Amino acid sequence: MPLLSLHTNLALEPEQESALAQQLSLLVSRLTHKPEQWVMVRVASAQTMHFASSDLPCAYLECKSIGLPDAQIPALAKEISALLHQGLQLDPARVYIEFASALPQHWGWNSGTF
């Protein structure tokens, strides 16, 4: 049920997007303690984005999951930022991450809800 959406103004090749999505999927699975079969990652690169009055490399992420515990959020923020810094040289100070916990009845799948 975890969903991680990444929007960045960096122009990534399709292979880079795919590799990044796989790395993020493994990370989210590990840190949320949910099987990777339930993790969805969406990567959108080459987006028009400005942050702090600049179009220098930046990113915005949304991390949503059913029952996302507050205790997991600091580790997710730290490790997602580290992965983006290591893999894309994105300065963590130019990354926003929004975390949200969803109710099972508000998350649809397979023609129903959880």
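Refer to the structure presented above.
Residues numbered from 1 in each chain as written. Predicted model: local features only at pLDDT ≥ 70, side-chain atom pairs only at ≥ 80, totals over all residues. Heavy atoms only, no water.

Engineer: With reference to specific residues and values, describe the sheet that holds strand β2 (residues 40-44).
Structural biologist: Across the sheet, four strands lie side by side as β2-β1-β3-β4; this open sheet has mixed pairing. Strands at the two margins of the open sheet, each flanked by one partner only, are β2 and β4 (95-102). Ignoring strand direction, the axes of neighbouring strands in this sheet form an average angle of 10°. Judged from the six bridges that link them, strand β1 (residues 3-8) and strand β3 (residues 59-66) form a sheet pairing that is antiparallel. Paired with L3 across the two strands is K64, which belongs to β3. In the packing of helix α1 (residues 14-32) onto the sheet, contacts are made with β1 and β2, and the angle to β2 comes to roughly 145°. (Pairing = 2+ DSSP bridges. Helix = DSSP H or I, 4+ residues; strand = E, 2+ residues; numbered from the N terminus. Axes fitted to C-alpha atoms, helices over the stretch in contact; angles between N-to-C directions. Contact = heavy atoms within 4.5 Å.)

Engineer: Describe helix α2 (residues 73-88), naming the residues involved and giving the relevant values.
Structural biologist: The end-to-end C-alpha distance of α2 is 22 Å, a good match for the 22 Å that 16 residues give at a rise of 1.5 Å each. Every buried residue belonging to α2 is among L76, I80, S81, L83, L84 and L88, and all of these are buried. Relative to the axis of α2, the buried residues are bounded by an arc of 160° and lie together on one face. Among the exposed residues of α2, those pointing more than 90 degrees away from its buried face are P74, K78 and Q86. (Expected span 1.5 Å × (residues − 1). Buried < 20%, exposed > 50% of the residue type's maximum accessible area, 1.4 Å probe, protein only. Arc of directions from axis to C-beta.)

Engineer: Mind laying out the side chain of S25, listing which residues take part and the relevant values?
Structural biologist: When you line up the elements, S25 lands in helix α1. At a separation of 2.7 Å, a polar atom in the side chain of S25 contacts the side chain of E36. Ignoring anything within four residues of it in the chain, the contact list for S25 reads E36, V39 and V41. (Polar contact = N/O pair within 3.5 Å; in protein donor to acceptor, adjacent residues only side chain to side chain.)

Engineer: Help me get a handle on the packing of aromatic side chains, residues and values and all.
Structural biologist: This model, assessed by the stated rule, comprises four aromatic pairs. Consider the rings of W109 and F114, whose centres lie 5.6 Å apart with planes at 15°: the pair is stacked. On the basis of relative accessible area, W109 is assigned to the partly exposed category, the value being 47%. One aromatic cluster is present, formed by W38, W109 and F114 through successive ring pairs. (Phe/Tyr/Trp six-rings, centres within 6.5 Å; stacked < 30°, edge-to-face > 60°.)

Engineer: Summarise α1; cite the residues concerned and give the values.
Structural biologist: Under the 1.5 Å per step criterion, the end-to-end length of α1 is 27 Å for 19 residues, consistent within 8% with the ideal 27 Å. Check the buried side of α1 and you find it contacts β1, β2 and α2. A positive phi of about 60° marks H33, the residue just after α1.

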